[in-house]
Each structure stands twice: as structure tokens, then as C-alpha cells.
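Now for the letters of each chain:
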Amino acid sequence: MDIVIKLNSQTVGKDKVARLCQYSCRALWASKDGSESIETVQLLKHIESILSSFRKLLRFGKGFEVLYSATAGLKLKELSAQLFITLGKIASGLFLLADHVVWLSRSGINKNINTNKWVDRSNRFWLISILFNLCRDVQELYRLFVYYSRSNIRNLQRTLYAVYRENKPLLVDTIKNVCDVFIPLNGLGILPVSNQTIGLLGAISSLMGLLPLVYPRLKF
């Protein structure tokens, strides 16, 4: 119960829980499509749509906040870390701003917006943001493997276990980004994936995003 209260007290916690439910609904209706009643599938799709709109409203205005926070990455000593974090946050901020426009269109506040164009822009910025985050993860994983290869750990299996045991926040972040990258790729038509797969990947990514909120030691 304490975990539920903790998550509910944070905007990001509400967003992650809603995201988990949203993608779980997609995985469910995609798995039932064609084998269950039309009413069940339509209900799950409706719930998914409501959760998606709720999350867009919940994050409204956050794009400016993320863009402002991008300057924090410039304070890091390592140039590559500065590059990946700063550009990643800029792309994430632009993704959220595009997402705000999509919400304004779908909510009926502004009917003159080309929704499909802004959805496409949103996915492009989201993909760029994830790719920068993945570059940071890969760089850190490479640095760790080089470090362990120069230590007394020569066996690959033991090296992997050492990375897992001592760097769980990095692994959680990497799994989250790997799962996330397929969603905008699918949205842009670059790498078509089934709705059920997207639902499962989104649910796994959401769980990975929830873990650092519940256990702060897993924050990367």
C-alpha cells in the first residue's frame, strides 16, 4: 500500500502506472482480436485511448521543463556524456511539445491542426531521444566491459554477472530504452511490429520505468 501511495503522490508515478495499463490494454486486445467478442476488444481499445489522453494531459507543459533541464548535462565533465544527455533531453523536450500539439488536436481545442503530421514529428523526436539514451547506455556498458576485462575477471559469464550485480541501474535503463525504441520505429513505419508485441514491449518498458521510482537506488 505504501508503494501505491508513493507512486500516486508523484506526477511521474501516475504517468508510469497509466502507461503500464495503457500498453497492457494494447497487448490484451491484440491477443484477443479475432478470437473474442467485438465488445471486449472495443472496450480495451477505448480504455487504452482514455489512458493515452490522460497521460498527454498529465504531461502538458512538461516539454518546456525538460528543455530547460537540458542545460544540466553541460555541467558534466565528460564530453560524450554532455553530448548524449543534453541532446537527448532537447529531443525529449521537442517530443513532448509535439505531443502537446497532438493532445490539443485530439481534444478538439484546435481542429485546424494536422494531427498525423504532428504524431509523425512526435515519434521522430521520441526516437532521437531514445537513440541518444541508448548511446549513453552502450558507452557505459562498453566502459564496464573494458574495466572488467582488465581485472581478474576473465570469464565472460562471470563478467556478465559482475555487470548485473554491480550495475543494476544501468541494466534497468538499457532494458527500458531497448524496449521503447521499437515503439516510435513502428509508429514511423520504419520497423513494423505487431500490436501485441508493441503492447508487451511498452508494458516491460513501463515496469522498468517504475522500478527507480519504487527503489531509488535503481535510478541511473
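By convention here, each chain's residues receive numbers from 1 onward along its written sequence. Given that the model is predicted, a residue must reach a pLDDT of at least 70 before its local features are reported, and side-chain atom pairs must reach 80 or more before they are shown or counted; all residues, however, enter totals for whole chains, interfaces and linings. Side-chain metrics in this entry use all non-hydrogen atoms of the structure; hydrogen atoms and water are not considered.

Asker: Any chance you could explain the packing of aromatic side chains here in plain terms?
Answerer: Given two aromatic rings, their pairing is described by the distance between the two centres and the angle made by the two planes. Only centres within 6.5 Å qualify two rings of Phe, Tyr or Trp (six-membered ring in Trp) as a pair; their planes then separate them into stacked at under 30 degrees, edge-to-face at over 60, and tilted for everything else. Taken as a whole, this structure holds two aromatic pairs when the rule is applied. Charge-over-ring contacts are defined here by two conditions on Lys NZ or Arg CZ: a distance within 6 Å of the ring centre and an angle within 35 degrees of the ring normal. The ring of W29 is capped by K45, whose NZ or CZ atom sits 4.4 Å from the centre of that ring.

Asker: Just to check I follow, could you spell out the pattern of salt bridges for this structure?
Answerer: For side chains bearing opposite charge, pairing can occur when the charged atoms are close. We define a salt bridge as a contact between a side-chain nitrogen of Lys or Arg and a carboxyl oxygen of Asp or Glu at a distance within 4 Å. Here the structure, examined in full by the defined rule, presents eight salt bridges. A salt bridge links E48 to R26; the shortest N-O distance between them is 2.9 Å. Here the residue E48 occupies a position in helix 3 (residues 38-58), and R26 occupies one in helix 2 (residues 11-32), the gap between them amounting to 22 residues. In this pair, the class of E48 matches that of R26, namely buried. Two residues, E166 and R165, come together in a salt bridge whose shortest N-O distance is 2.7 Å. The network of salt bridges with shared partners includes K56, R59 and D99. Under the DSSP-based scheme used, a helix requires at least four consecutive residues in state H or I and a strand at least two consecutive residues in state E, with every element numbered from the N terminus. Only protein chains enter the area calculation, which uses a 1.4 Å probe; residues under 20% of their type maximum are buried, those over 50% are exposed, and those in between are partly exposed.

Asker: What exactly am I supposed to notice about the side chain of K176 here?
Answerer: Within the fold, K176 resides in helix 8 (residues 168-187). No salt bridge forms around the buried K176; measuring N to O, its nearest opposite-charge neighbour D173 is 4.2 Å away. Polar contact criterion, stated in full: a pair of N or O atoms within 3.5 Å, where within protein one must be able to donate a hydrogen and the other to accept it, and residues adjacent in sequence count only if both atoms are side-chain atoms. Here N177 takes part through its side chain, which lies 3.5 Å from a polar atom of the side chain of K176. As used throughout, the charge tally considers Lys and Arg to be positive and Asp and Glu to be negative, leaving His and the chain termini uncounted.

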